[in-house]
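# Descriptive analysis of the structure
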Amino acid sequence: MNQGLLNSLTDAERRLVAETERDVLKGLDEDELLDLHQRIRRVRTKYVKNYRRGASAAVAQAGGRGKSYPRNQRDRDKAEVFETVLARVSREVATAAKRASMDLRSERIAAARSTTGGGVPVPVDGDRPAPEGSRRPRATKTTGGLKKDASSRAAGARRQAKRDARG
């Protein structure tokens, strides 16, 4: 990042940027990272808002967007700095969330294994379950009555048999 721009930040903003250094981020848990992410997002939004308001006001004075662009450079640069810092924290939040998700998943798997007796029961020769793909799919669309559904299937079968007989 531009050192001149970092020097132009206020003390609070400089401390906020310093909190996003790699070593500092590694020591934070997921909740602390989310809190830091929220604070940085608020500051970034502040400078984006300031830049947009200033830029829109300068258009009328300068006579066009292109002529007013060089004005309000500081707010634009600060917004960019905080956008970069926010991206850094967002990546760390994603890493922490994935780590927490994997930990939770492994805990749930361990808990499930401990309650079922430690594993999958081995089937005896004559007691084998049917393969997963051999089951007939269950009808999901019904009309509300078994007889009516059976009648519809029979009518469909009759239509198909009629077509097959033609050709």
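A brief report on the enclosed structure follows.

### Digging into the nonpolar core
Membership of the largest hydrophobic core comes to 19 residues, with the highest contact counts inside it found for Leu-16, Val-17, Leu-36, Ile-40, Phe-82 and Val-89. The greatest single-element share of this core, amounting to eight residues, is contributed by helix α6 (residues 73–116). The contacts of Leu-36, once residues within four sequence positions are left out, are Leu-16, Glu-19, Thr-20, Leu-25, Leu-28 and Val-89.

### Regarding the packing of aromatic side chains
For the coordinates displayed, the defined rule picks out one aromatic pair. On the basis of an interplanar angle of 0° and a centroid distance of 6.1 Å, the ring pair of Tyr-47 and Phe-82 is categorised as stacked. Residue Tyr-47 is found in helix α4 (residues 30–62), and its partner Phe-82 is found in helix α6; the two are separated by 35 residues along the sequence. For the pair shown, Tyr-47 and Phe-82 are each scored as buried.

### What about α4?
Along an α-helix, residues three or four positions apart point the same way, because every turn accommodates 3.6 residues. In a regular helix each residue adds 1.5 Å, so 33 residues correspond to 48 Å; α4 covers 46 Å between its end C-alpha atoms and thus fits that length. Burial in α4 covers these residues: Leu-33, Leu-36, His-37, Ile-40, Val-43, Arg-44, Tyr-47, Ala-55, Ala-58 and Ala-62. Backbone geometry just downstream of α4 places Gly-63 in the positive-phi region, at approximately 95°.

Procedures and definitions
Residues numbered from 1 in each chain as written. Predicted model: local features only at pLDDT ≥ 70, side-chain atom pairs only at ≥ 80, totals over all residues. Heavy atoms only, no water. Core = buried A, V, L, I, M, F, W, Y, C linked by side-chain atoms within 4.5 Å. Buried < 20%, exposed > 50% of the residue type's maximum accessible area, 1.4 Å probe, protein only. Helix = DSSP H or I, 4+ residues; strand = E, 2+ residues; numbered from the N terminus. Contact = heavy atoms within 4.5 Å. Phe/Tyr/Trp six-rings, centres within 6.5 Å; stacked < 30°, edge-to-face > 60°. Expected span 1.5 Å × (residues − 1).

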